[in-house]
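# Geometric and topological summary
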Amino acid sequence: MAVSKAQKAATAKYEAKVYDKVLVRLPRGKKSEIEEYIKPKGESLNGFISTAIDEKLERDKEKAGE
C-alpha cells in the first residue's frame, strides 16, 4: 500500500517535533555485529543504541555519586 504525500509530510512533521536525530558512525562490520546480537531478541537497532546510552549514563551517574 502506497503512502500518500500528506501522510509522509505528517510523519516528518511529527518526527521533527518529537525526536532528535543523531548520525552514528561505526567501524565497518560493527552494525552487522550488533544486528546479529539483537535479532533473536527482536529489538531494533535504534532501541539497542538508545538503551546502551541510557545504561552508560546511569552507570556514570552512579560512579560519580560514590
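Right, let's walk through the structure included here. These figures come from a predicted structure and were not determined experimentally. (Residues numbered from 1 in each chain as written. Predicted model: local features only at pLDDT ≥ 70, side-chain atom pairs only at ≥ 80, totals over all residues. Heavy atoms only, no water.)

When you go through the protein residue by residue, the secondary structure sums to three helices and zero strands. Going from the N terminus to the C terminus, the protein shows its helices and strands as α-α-α. Scaling as 2.2 N^0.38, a compact globule of 66 residues should have a C-alpha radius of gyration of about 11 Å, whereas the protein reaches 17 Å, well beyond that. Split into buried and exposed, the 66 residues of the protein put 3% on the buried side. Of the roughly 6,500 Å² that the protein leaves accessible, carbon and sulfur atoms contribute 54%. (Helix = DSSP H or I, 4+ residues; strand = E, 2+ residues; numbered from the N terminus. Rg over C-alpha atoms; globule rule 2.2 N^0.38 Å. Buried < 20%, exposed > 50% of the residue type's maximum accessible area, 1.4 Å probe, protein only. Areas by Shrake-Rupley, 256 points an atom, 1.4 Å probe, with all protein chains shown as cover.)

In this structure the tally under the stated criterion is two aromatic pairs. With 6.3 Å between their ring centres and 85° between their planes, Tyr 14 and Tyr 19 make a pair best called edge-to-face. Ring plane angle 65° and centroid distance 5.9 Å describe the contact between Tyr 37 and Phe 48, whose orientation is recorded as edge-to-face. In this pair, Tyr 37 sits in helix α2 (residues 30–38) while Phe 48 sits in helix α3 (residues 45–64), placing the two residues eleven residues apart along the sequence. Classification of Tyr 37 by relative accessible area gives partly exposed; the value is 48%. According to the relative accessible area criterion, Phe 48 is partly exposed, its value standing at 22%. Over the ring of Tyr 37 we find Lys 41, and its NZ or CZ is 4.5 Å from the ring centre. (Phe/Tyr/Trp six-rings, centres within 6.5 Å; stacked < 30°, edge-to-face > 60°. Lys NZ or Arg CZ within 6 Å of the ring centre and 35° of its normal.)

In short, the description is geometric, and any link to function would need to be established separately.
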